[in-house]
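This is what each chain is made of:
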Amino acid sequence: MQDTSTNLLGANSRTRVLHIGKYFPPVTGGMERFLFDLVGAQRAAGDDVSVLVHAGKSTGSGADPAWVMRCPVWFRMIFAPISPAFPYWLSRAIRRFSPDVLHLHMPNLSCFWALLLPAARALPWVVHWHADVEPSRFRLALRLSYPHYRIFERAVLERAQAIVATSPQYLEASEALRPWRLKCHVIPLGLDPGRLADVAGDETAGLWHGDGLRILAIGRLTYYKGFDTLIRAVAGAADMELVIVGEGEERSALKKVLTEHGNPHWIRLLGQADDATCQRLLASCDVFCLPSRERTEAFGMVLLEAMRYGKPLIASQLEGSGVIWVVQDSRNGVLVPPDNAPAWREALATLARDPQHRQQLGGAGRRRFEREFDIAKTASRLSALYASLLAEDRAATLRKHHPLIVIP
């Protein structure tokens, strides 16, 4: 009897996982880089992992391995890819890869199609909760559309066997997750340190133009990132140099802010940069900043990249966001009120005057990164979660077909 139940529970078997994401590299973004690193770590650990995402503008062609599928996007609405063909691609992915687990990365409108597919509903679901959809005070369209989105979001959360939150703070503050706290698990995001190359000093020549405090920010130029606050904080400080890397719909608004302050030459909107350039900038900056203004910034993957290079952090004091868990005030960085340019100016000036303190903060961040945020640790914890769900699922199947069997 024990032999039969052990076999049915699938002990020590390799897990087949199908990730449903929004995009995948070379499309840039925190969720995309995390998924790339996670899949690499899971495949390295021996799991059979595949990915279904949307095709992005920067996807390219012919470079994907067989386990990556990209569904065409018809158009985009309120920052979301709209792909009516997604259910057909999802059905095909399930047939092709025969997954044991469906791992849904949200927010993502296309995850809702899984509710309608019998093949998808037959699988255990893990929902990776990257962020709430904030009914933003900065975007009327989000406030108007969220009640409709919420209907399907609740249905997915109800159907999921497990929900993964990325920090204790975000889970505690999330109203969307409140009804399902009992099936929530906190598993922090991580990244692959091997993806971030070591940078020699002579590789950073020409990146910075002055001798002042070198301030770096990286991210999509979008409404919630708060880069305008950072620009206002540095605009009057000729003894500092600010480089903002990224592209997006807020570029023209940021250029207006620069014009209002006389287009100071020590502030540059660098535009989109490749990974090698970003790594060289991260290795050579003095301070890394994340001035986001709302909980849409749920974690801040780029903060982990700065920590890997041993850089002190300045970030917004976003209550209920994982940012205030990643950045431990006065330990590996400094937390500052969002949308408060004078407070940001003072925080930067304080660090500019104290190189030793910057070194202490950066060193503490590097040690914490090595201790807590290696993607291998994230993959290991998810593997244990998959195994638990699959054991429960197979035990339920066994009880259904063999009601007299007692499973310890």
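Residues numbered from 1 in each chain as written. Predicted model: local features only at pLDDT ≥ 70, side-chain atom pairs only at ≥ 80, totals over all residues. Heavy atoms only, no water.

(A) Highlighting the overall build of the protein chain. Looking only at helices and strands, the protein chain has 14 helices and 15 strands in total. Here the contacts in the protein chain between residues at least 6 apart in sequence split such that 71% fall between residues at least 24 apart. Roughly 18,000 Å² of accessible area belongs to the protein chain as shown, and the carbon and sulfur atoms make up 54% of that amount. (Helix = DSSP H or I, 4+ residues; strand = E, 2+ residues; numbered from the N terminus. Contact = heavy atoms within 4.5 Å. Areas by Shrake-Rupley, 256 points an atom, 1.4 Å probe, with all protein chains shown as cover.)

(B) A look at the sheet that holds strand E10 (residues 213–218). If you trace the six strands from one edge of the open sheet to the other, you get E12-E11-E10-E13-E14-E15, paired in parallel fashion. Here the strands that pair on one side only, and so sit at the sheet edges, are strand E12 (267–271) and strand E15 (333–336). Adjacent strand axes in the sheet meet at a mean angle of 20°, parallel and antiparallel pairs treated alike. Two elements, strand E13 (residues 287–290) and strand E14 (residues 313–316), share three bridges in a ladder whose sense is parallel. Along E14, the bridge assignment pairs Cys289 with Ile314. Sitting on the sheet, helix H9 (residues 275–284) touches E10, strand E11 (240–245), E12 and E13, and the angle it makes with E10 is about 140°. (Pairing = 2+ DSSP bridges. Axes fitted to C-alpha atoms, helices over the stretch in contact; angles between N-to-C directions.)

(C) Focus on helix H3 (residues 86–97). Between its first and last C-alpha, H3 extends 16 Å over twelve residues, near the 16 Å set by a 1.5 Å rise per residue. Of the positions making up H3, those classed as buried are Phe86, Pro87, Leu90, Ala93, Ile94 and Phe97. Along the axis of H3, the buried residues cluster in a sector spanning 120°; they form a single face. The exposed residues of H3 that point more than 90 degrees off its buried face are Tyr88 and Arg95. (Expected span 1.5 Å × (residues − 1). Buried < 20%, exposed > 50% of the residue type's maximum accessible area, 1.4 Å probe, protein only. Arc of directions from axis to C-beta.)

(D) View of the nonpolar core. Core analysis: the largest hydrophobic core is formed by 58 residues, its most contacted members being Leu216, Phe288 and Leu304. A total of seven residues in this core trace back to one element, the largest contributor, which is helix H14 (residues 375–401). Contacts of Leu216, omitting those with residues within four sequence positions, involve Trp208, Val243, Val245, Leu281, Leu282, Cys285, Val287, Phe288 and Cys289. In terms of nonpolar packing, the next biggest core, distinct from the first, is built from 38 residues, Cys71, Ala120, Leu171 and Leu177 among them. (Core = buried A, V, L, I, M, F, W, Y, C linked by side-chain atoms within 4.5 Å.)

(E) Molecular detail of the state of the cysteines. Taken as a whole and assessed by the stated rule, the structure comprises zero disulfides. Free of any disulfide, Cys285 has its nearest cysteine sulfur in Cys289, 8.6 Å distant. (Disulfide = S-S within 2.5 Å.)

(F) Fine view of the packing of aromatic side chains. If you walk through the whole model with that rule in mind, you get eight aromatic pairs. Aromatic pair Phe24 and Phe36: ring centres 5.7 Å apart, planes at 50°, arrangement tilted. Of this pair, Phe24 sits in the loop between strand E1 (16–20) and helix H2 (30–44) while Phe36 sits in helix H2, and the two are twelve residues apart along the sequence. Judged by its relative accessible area of 3%, Phe24 falls in the buried class. Since its relative accessible area comes to 39%, Phe36 is described here as partly exposed. Residues Trp325 and Phe373 carry aromatic rings whose centres are separated by 5.8 Å and whose planes lie at 85° to one another, so their mutual orientation is edge-to-face. Placement of the pair is Trp325 in helix H11 (residues 323–326) and Phe373 in the loop between helix H13 (355–372) and H14, with a sequence separation of 48 residues. Of the two residues examined, Trp325 and Phe373, each falls in the buried class. Taken together, the ring pairs in this structure connect Phe24, Phe36 and Trp67 into an aromatic cluster. Of note, Arg295 hangs over the ring of Tyr170, and the distance from its end group to the ring centre comes to 4.0 Å. (Phe/Tyr/Trp six-rings, centres within 6.5 Å; stacked < 30°, edge-to-face > 60°. Lys NZ or Arg CZ within 6 Å of the ring centre and 35° of its normal.)

(G) Looking closely at the sheet that holds strand E9 (residues 184–186). Strand order in the open sheet formed by seven strands is E3-E2-E1-E6-E7-E8-E9, and the pairing between neighbours is parallel. In this open sheet, the two strands that pair with only one neighbour each are strand E3 (68–71) and E9. Pairs of neighbouring strands in the sheet enclose a mean axial angle of 20°, with direction left out of account. Sheet analysis places strand E7 (residues 125–129) next to strand E8 (residues 162–165), joined by four bridges and oriented parallel. Residue pairing across strands places His128 opposite Val164, the latter belonging to E8. Seen against the sheet, H2 touches E1, strand E2 (48–54), strand E6 (101–106) and E7 and runs at an angle of roughly 160° to E2.

(H) Local environment of empty space enclosed by the protein. For the structure shown, the criterion picks out one cavity of 30 Å³ or more. Roughly 40 Å³ of volume is contained in the largest cavity. The leading source of residues in the lining of the largest cavity is H2, at three residues. (1 Å grid on protein atoms, 1.4 Å probe; cavity = no way out; pocket = protein on both sides within 12 Å on 5 of 7 lines; lining within 4 Å. Points joined across faces, edges and corners; volume = space filled by probe spheres on them.)

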